[in-house]
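Chain residues, written in single-letter form:
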Amino acid sequence: MALTLTTPNTVLGVLSPKSQSARLVTNLLTVVLGSLVLALSARISVPVMPIPVTLQTMAVAALAAGFGWRIGVATVALYIIQGLSGLPVFATGGGLDYIMRPSFGFILGYLPMAYIIGRAADLGASRRIVLLFGAMLLADAVLFAFGFTWLLVVANVIVQSGATLPGWLDAANLIGTGWNGGVAPFIVWDVRRMAFAALSVVGIWKLLPKRG
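I will try to describe carefully the structure that is included in this document. (Residues numbered from 1 in each chain as written. Predicted model: local features only at pLDDT ≥ 70, side-chain atom pairs only at ≥ 80, totals over all residues. Heavy atoms only, no water.)

## Some points on the overall build of the protein chain
Here is step 1: When its secondary structure is counted, the protein chain shows eight helices and two strands.
Here is step 2: Element order for the protein chain, N to C, with α for helix and β for strand: α-α-β-β-α-α-α-α-α-α.
Here is step 3: The globule rule puts the C-alpha radius of gyration for 212 residues at 17 Å, and the 18 Å found for the protein chain is close to it.
Here is step 4: Its C-alpha atoms put the protein chain at 65 × 35 × 30 Å along the principal axes.
Here is step 5: Residue pairs at least 24 apart in sequence account for 68% of intrachain contacts in the protein chain once pairs closer than 6 positions are excluded.
Here is step 6: Roughly 10,600 Å² of accessible area belongs to the protein chain as shown, and the carbon and sulfur atoms make up 72% of that amount. (Helix = DSSP H or I, 4+ residues; strand = E, 2+ residues; numbered from the N terminus. Rg over C-alpha atoms; globule rule 2.2 N^0.38 Å. Contact = heavy atoms within 4.5 Å. Areas by Shrake-Rupley, 256 points an atom, 1.4 Å probe, with all protein chains shown as cover.)

Below, the structure is given as structure tokens:
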């Protein structure tokens, strides 16, 4: 039985060739190209601490909505593997030591984010702006939970190590450090980015050829 990686409810599913072998090649190329888009979106950044401002959240949301959950998650997974293997695809480089960076929780959080949005798209939400935007906001909240938790862990490790504390870290208020460093500055901007991503994907449907 052929493995279905996309559905007709996604942009990729509509554009995929009918041949199973051609579809497989298309899916593989899509994952690779998608990971390059994520790498590029990471490099377009404002290097504030502890979490740099990038376009990755919007890129993950748009790609997952366009690809569906299987290709979306595979794209993010490949991107993470590339970064941890040493390729400079993260906002400030790459390598295994990136695991202990304050921002790595957000990178991990892109996996459930891609799943939630991609799953919604597979069920037909990518044609409906309200449903897609709602799914993106839910996925973004999960992303923040990952990022906040990881930032607290890293901050605690730094405090316990006795090393000189960076300016963003308040040892007397780790919860406040996590909130002020990884959540509060990004909420408004992420709502706007999710709205833009949702509008972009829904808008693409109007440009697609009709299939009988």
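Moving on from the model shown.
## Let's talk about the pattern of salt bridges
Here is step 1: The final tally for this structure, using the stated rule, is two salt bridges.
Here is step 2: As a salt-bridge pair, Arg101 and Asp97 come within 3.7 Å of each other at their nearest N and O atoms.
Here is step 3: Assessed through its relative accessible area of 27%, Arg101 is described here as partly exposed.
Here is step 4: Asp190 is the salt-bridge partner of Arg193, the closest N and O atoms lying 2.4 Å from each other. (Salt bridge = Lys/Arg side-chain N within 4 Å of Asp/Glu carboxyl O. Buried < 20%, exposed > 50% of the residue type's maximum accessible area, 1.4 Å probe, protein only.)

## Considering the packing of helix 6 (residues 129-161) against helix 7 (residues 174-182)
Here is step 1: Relative orientation of the contacting elements helix 6 and helix 7 amounts to 130 degrees, with a least axis distance of 9 Å. Our classification of the angle between helix 6 and helix 7 gives oblique. For the pair helix 6 and helix 7, the sense of crossing is right-handed. Contact with helix 6, carried on its side by Phe144, Phe148, Leu151, Leu152, Ala155, Asn156 and Val159, involves Leu174, Ile175, Thr177, Gly178, Trp179, Gly181 and Gly182 of helix 7 and no other residues of that element.
Here is step 2: In terms of residue class, the contact of helix 6 with helix 7 is made up of nine nonpolar, five polar and no charged. (Axes fitted to C-alpha atoms, helices over the stretch in contact; angles between N-to-C directions. Parallel < 35°, antiparallel > 145°, perpendicular 65-115°, else oblique. Left-handed = near helix turned anticlockwise from the far one by under 90°. Nonpolar A, V, L, I, M, F, W, Y, C, P; charged D, E, K, R; others polar.)

## Things to note about a nonpolar patch on the surface
Here is step 1: A cluster of nonpolar side chains, namely Val25, Leu29, Val32, Leu33 and Leu36, defines an oily patch on the protein surface of about 460 Å² accessible area.
Here is step 2: Topologically, Val32 is positioned in helix 2 (residues 20-43). (Patch = residues over 30% accessible without salt bridge, like charges linked within 9 Å, V, L, I, M, F, W, Y side chains within 5 Å.)

## What to know about the nonpolar core
Here is step 1: By size, the foremost hydrophobic cluster in this structure holds 42 residues, and its most contacted members are Tyr79, Met113, Ile117, Leu132 and Met136.
Here is step 2: Within the residue set of this core, elements represented by two or more residues are helix 2, helix 3 (56-67), helix 4 (69-84), helix 5 (104-122), helix 6 and helix 8 (187-205).
Here is step 3: Each residue touching Leu132, except ones within four places of it in the same chain, is listed here: Ala65, Ile117, Ala125, Ser126, Ala198, Val201 and Val202.
Here is step 4: Counting residues in each nonpolar core, the second largest holds six residues, with Leu151, Val154, Trp168 and Leu169 among its members. (Core = buried A, V, L, I, M, F, W, Y, C linked by side-chain atoms within 4.5 Å.)

## Quick look at helix 6
Here is step 1: Taking 1.5 Å of rise per residue, 33 residues should cover 48 Å, and helix 6 covers 47 Å from first to last C-alpha, within 8% of that figure.
Here is step 2: Of the residues trailing helix 6, Gly162 is marked for its positive phi of about 80 degrees. (Expected span 1.5 Å × (residues − 1).)

## Quick notes on the packing of helix 2 against helix 3
Here is step 1: Two elements in contact, helix 2 and helix 3, have axes whose closest approach is 8 Å; the angle formed by their N-to-C orientations is 160 degrees. In terms of orientation, helix 2 lies roughly antiparallel with respect to helix 3. The interaxial crossing formed by helix 2 with helix 3 has right-handed handedness. Contacts from Thr30, Gly34, Val37, Leu38, Ser41 and Ala42 of helix 2 reach helix 3 at Gln56, Ala59, Val60, Leu63 and Phe67.
Here is step 2: Looking at the contact of helix 2 with helix 3, its residues break down into seven nonpolar, four polar and no charged.

## With respect to the packing of aromatic side chains
Here is step 1: On inspection of all chains with the given rule, the structure shows five aromatic pairs.
Here is step 2: Aromatic pair Phe90 and Tyr98: ring centres 4.7 Å apart, planes at 50 degrees, arrangement tilted. Neither Phe90 nor Tyr98 differs from the other in exposure class; each is buried.
Here is step 3: Feature note: the residues Tyr79, Phe90 and Tyr98 constitute an aromatic cluster, connected by ring pairs.
Here is step 4: Its guanidinium or amino end placed over the ring of Trp205, Arg127 lies 3.8 Å from that ring's centre, counting from NZ or CZ.
Here is step 5: Looking at Arg192, its charged tip hangs above the ring of Trp189, at a distance of 5.0 Å from the centre. (Phe/Tyr/Trp six-rings, centres within 6.5 Å; stacked < 30°, edge-to-face > 60°. Lys NZ or Arg CZ within 6 Å of the ring centre and 35° of its normal.)

Purely geometric stuff here, so don't read any function into it on its own.
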